[in-house]
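Chain residues, written in single-letter form:
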Amino acid sequence: MRQGKEIAILLGVGWLLTGCTRPVVQAAPDVPPPIQSVPVTESAEPASTALLLETHETDHATVFVVTVPTTYTVSVVASETLQTVAAFAQETSADVVLNAGFFDPVNGQTTSHIVVDGAVVAAPADNARLVENPDLTEYLDQILNRSEFRRYDCDNKPRYEIAPRNGDFPGDCTVIDAIGAGPQLLPTDTSLSEAFTDVDANGQLVRDAIGSLQRNARSAVGLRADGTVLLYMVAQRAATGPGMTLAELAAFMQGQGIEQALNLDGGSSSSLVFEGEAFYGRLSAEGQPVIRPVKSVLIVQPHK
């Protein structure tokens, strides 16, 4: 076991996601299938002030879970140009880096709101390929108000929340960082309200922008009731399965005691660095990791 790193190999149950946008026509149930919860993972170890990386082997994927103790801060970093999580890790010297918001791979511009150190550094409304796309006109208001992960300063104490872009925030707190993504996975799936999916009058699925019903590599962030932040990266396994669906990921996270969960960009974007070691979610046809540059990340560093 490497110094400064705790790794537990646990058995879990899980599902998938991709960062690509592709409308589909597919039959859908009248109501979403219920989330099948798995037992909460209990740890025999006492509460730790060290970062914890757990690796869960499921039927269809390997799930990397980072538990962030209160001695660390989770913040947002973005780049003007796309770069790998390994490059972000090298630039920031962060202990943990996870890919975060959605972006346009054609022009490198964000399709998620990004706030860093209290300032808006990128906004989807500035991306002409998004706001001028006639196929998205009817969904644009929903897209621009998708959910985000926020870090507040509340009387010099950090606090985290997952909420819609235009949602209220505590009056005694200041938003320090925010990264848009979505949909929310817990406490409820917001795919329909945030225009990730849409159905016609007959209940047929006519839009699934991120392939939520298909298994794929995924990334997500979750909050427990006590405010503990957990970061998730679902990696494909070539021999046994292709990852998780969003419902499977929600069930997995709920089983770990997560009460609020936000899906992040996935598919080829899913990537994680933990204490200098990089892990990638997507595999090529030859079974090799796909390393894709991204626009924004969540980083974990000790409190300053």
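Here goes a summary of the coordinates provided.

About the criteria used
Residues numbered from 1 in each chain as written. Predicted model: local features only at pLDDT ≥ 70, side-chain atom pairs only at ≥ 80, totals over all residues. Heavy atoms only, no water. Helix = DSSP H or I, 4+ residues; strand = E, 2+ residues; numbered from the N terminus. Buried < 20%, exposed > 50% of the residue type's maximum accessible area, 1.4 Å probe, protein only. Contact = heavy atoms within 4.5 Å. Areas by Shrake-Rupley, 256 points an atom, 1.4 Å probe, with all protein chains shown as cover. Pairing = 2+ DSSP bridges. Axes fitted to C-alpha atoms, helices over the stretch in contact; angles between N-to-C directions. Phe/Tyr/Trp six-rings, centres within 6.5 Å; stacked < 30°, edge-to-face > 60°. Lys NZ or Arg CZ within 6 Å of the ring centre and 35° of its normal. Core = buried A, V, L, I, M, F, W, Y, C linked by side-chain atoms within 4.5 Å. Salt bridge = Lys/Arg side-chain N within 4 Å of Asp/Glu carboxyl O.

Thoughts on the overall build of the chain
Across its full length, the chain holds four helices and 19 strands. The buried share among the 304 residues of the chain stands at 53%. Within the chain, contacts between residues separated by at least 24 positions form 70% of all contacts whose residues are at least 6 apart in sequence. Carbon and sulfur atoms provide 52% of the accessible area of the chain, an area that totals close to 13900 Å².

Remarks on the sheet that holds strand E7 (residues 119–122)
As summarised here, the arrangement of the five strands in space is E7-E6-E10-E8-E9, forming an open sheet in which the pairing is antiparallel. Bordering the open sheet on either side are E7 and strand E9 (157–164), each of which pairs with just one other strand. The sheet shows a mean angle of 35 degrees between the axes of neighbouring strands, taken without regard to direction. Looking at chain direction, strand E8 (residues 147–154) and E9 are connected through eight bridges and run antiparallel. Paired with serine 147 across the bridge in E9 is proline 164.

A short note on the packing of aromatic side chains
The final tally for this structure, using the stated rule, is four aromatic pairs. A centroid spacing of 5.7 Å and a plane angle of 10 degrees characterise the contact between phenylalanine 149 and tyrosine 160, whose relative ring orientation is stacked. Note that phenylalanine 149 is positioned in strand E8 and tyrosine 160 in strand E9, a separation of 11 residues in sequence. Tyrosine 160 carries the same exposure label as phenylalanine 149, and that label is buried. The ring centre of phenylalanine 196 lies 3.7 Å from the NZ or CZ of arginine 146, which sits over that ring.

Quick look at helix H4 (residues 246–254)
With seven of nine residues buried, H4 is to be regarded as a mostly interior element. Buried within H4 we find Leu246, Glu248, Leu249, Ala250, Ala251, Phe252 and Met253. Among the structural elements, strand E2 (52–57), strand E3 (61–68), strand E11 (184–186), strand E14 (218–224), strand E15 (229–236) and strand E16 (258–263) are those in contact with the buried residues of H4.

Notes on the pairing of E15
The buried count for E15 comes to eight of eight residues, which makes it a mostly enclosed element. Going residue by residue along E15, you find Val229, Leu231, Met233 and Ala235 tucked away on one face and Leu230, Tyr232, Val234 and Gln236 tucked away on the opposite face as well. As paired strands, E3 and E15 are joined by eight bridges and run antiparallel to one another. Residue pairing in the sheet places threonine 67 in a bridge with leucine 230 of E15. Across six bridges, E14 lies against E15 in antiparallel orientation. Counterpart to valine 221 in the pairing with E15 is leucine 231. Hairpin connection of E14 to E15: four residues between the antiparallel strands, including glycine 227 at a positive phi of 90 degrees.

A short note on the environment of alanine 238
Assignment of secondary structure puts alanine 238 in the loop between E15 and H4. Residues alanine 238 and arginine 282, spaced 44 residues apart in sequence, show a C-alpha to C-alpha distance of 9.5 Å.

Remarks on the sheet that holds strand E19 (residues 294–302)
Reading across the sheet, the five strands line up as E4-E19-E5-E17-E18 and stay open at both edges, with antiparallel pairing between neighbours. Of all the strands in the sheet, just strand E4 (72–83) and strand E18 (277–280) have a single pairing partner and so form its edges. With direction set aside, neighbouring strand axes in the sheet form an average angle of 20 degrees. Pairing of strand E5 (residues 96–99) with strand E17 (residues 271–274), which is carried by three bridges, proceeds in the antiparallel orientation. Looking across to E17, one finds that valine 96 is bridged to phenylalanine 274.

Topic: the nonpolar core
The biggest cluster of nonpolar side chains holds 52 residues, and the ones touching the most others in it are Phe149 and Leu298. Sort the elements by how many residues they give to this core and E15 lands first, with seven residues. Leaving out residues up to four positions away in the same chain, leucine 298 has contacts with Val74, Ser75, Val76, Val96, Val97, Leu98, Ala100, Phe149, Ile179, Val221, Leu231 and Leu264. Of all hydrophobic cores here, the second largest spans 12 residues; its members include Ala94, Tyr280, Val294 and Val297.

Comments concerning the pattern of salt bridges
Inspection of the entire model under this criterion finds seven salt bridges. A salt bridge links aspartate 104 to arginine 129, with the shortest nitrogen-to-oxygen separation between them at 2.6 Å. Of this pair, aspartate 104 sits in the loop between E5 and strand E6 (114–116) while arginine 129 sits in helix H2 (residues 128–131), and the two are 25 residues apart along the sequence. Classification of aspartate 104 by relative accessible area gives buried; the value is 8%. Between arginine 165 and glutamate 148 there is a salt bridge, with the nearest N and O atoms lying 3.3 Å from each other. Taken together, the residues arginine 165 in the loop between E9 and strand E10 (173–180) and glutamate 148 in strand E8 connect sequence positions 17 residues apart. Arginine 165 gets classed as partly exposed once you look at its relative accessible area, which sits at 23%.

Remarks on the environment of glutamine 256
Turning to its location among the elements, glutamine 256 is positioned in the loop between H4 and E16. Along the backbone, glutamine 256 and leucine 230 are 26 residues apart, and their C-alpha atoms lie at a distance of 9.7 Å.

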